[in-house]
Amino acid sequence: MSGNVPLREAAQTPDDPTRWGFALIATGIPLLATGGFLMLVGIVVMVMVWVSVQRVIVDCCSPFPVLLGAGLAIAGGICLYLGRMHRAEGRKLGDAASLLKAHRRMRIYDLAGKMRISEADAEAVVARCLSLGLLEGYVDRRQNEFFTREAILHTRQISDCPQCHASIDQLRFLGEELRCGACGAIL
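The structure displayed is predicted, hence computed values, not measured ones.

Reading guide: rules and limits
- Residues numbered from 1 in each chain as written.
- Predicted model: local features only at pLDDT ≥ 70, side-chain atom pairs only at ≥ 80, totals over all residues.
- Heavy atoms only, no water.
- Helix = DSSP H or I, 4+ residues; strand = E, 2+ residues; numbered from the N terminus.
- Buried < 20%, exposed > 50% of the residue type's maximum accessible area, 1.4 Å probe, protein only.
- Contact = heavy atoms within 4.5 Å.
- Areas by Shrake-Rupley, 256 points an atom, 1.4 Å probe, with all protein chains shown as cover.
- Patch = residues over 30% accessible without salt bridge, like charges linked within 9 Å, V, L, I, M, F, W, Y side chains within 5 Å.
- Salt bridge = Lys/Arg side-chain N within 4 Å of Asp/Glu carboxyl O.

Student: Lay out the overall build of the protein chain in plain terms, naming residues and giving numbers.
Tutor: Scanning the protein chain for helices and strands turns up 6 helices and 5 strands. Overall, the protein chain shows an N-to-C arrangement of helices and strands of α-α-α-β-α-α-β-β-α-β-β. Across the 187 residues in the protein chain, those meeting the buried criterion constitute 25%. The long-range fraction of contacts in the protein chain, counting pairs at least 24 apart against all pairs at least 6 apart in sequence, stands at 54%. Total accessible area on the protein chain stands at roughly 12600 Å², and carbon and sulfur atoms take up 61% of it.

Structure representation (structure tokens):
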């Protein structure tokens, strides 16, 4: 029973985004190697028959190893391609999650700039990280920024500027400087 994970814990364990990429690559390499080997054997046998008989003998079985090998090689190539795509996606999600954890708050626009992707893609990456459980936090839709769950525990309540009394609509975390949008005073 030591290798089994209880169902409740398995449901809470986040899915590893690189797992499928590794599985596809691990499947694609043997398929590609086997397909290449079968194609090579089929071609060598066909050439040996041609050299010994001095004509091409085509029956129902002679192209079978070549065709089977080509099919396996194509399937292996597709698995390798998809595996690389999944691994790249997993790395992108891991990079985004670690970047967002390192900062307590970050605008989606800034995340998009740091990752060199569009703002819509950055929103999708944050949503995917949250859904996979790689990251815990909140997205403020008005400010279009992400902040971690730990950061919300360190907020300071400021509703208006003490100098000009303009309303402040941004969360202020401990240790951060906030400027009033109306008068520019540091809060």
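Still more ground to cover, so stick around.
Student: How would you sum up the side chain of Asp140? Please name residues and give values.
Tutor: Among the structural elements, Asp140 can be located in strand S2 (residues 137-140). Those residues in contact with Asp140 that sit more than four places away from it in its chain are Glu145 and Phe147.

Student: Quick one: what's the story with a nonpolar patch on the surface, residue by residue and with numbers?
Tutor: A cluster of nonpolar side chains, namely Ile74, Ile78, Tyr81, Leu82 and Met85, defines an oily patch on the protein surface of about 510 Å² accessible area. Turning to its location among the elements, Met85 is positioned in helix H3 (residues 64-102). A relative accessible area of 43% means that Met85 is categorised as partly exposed.

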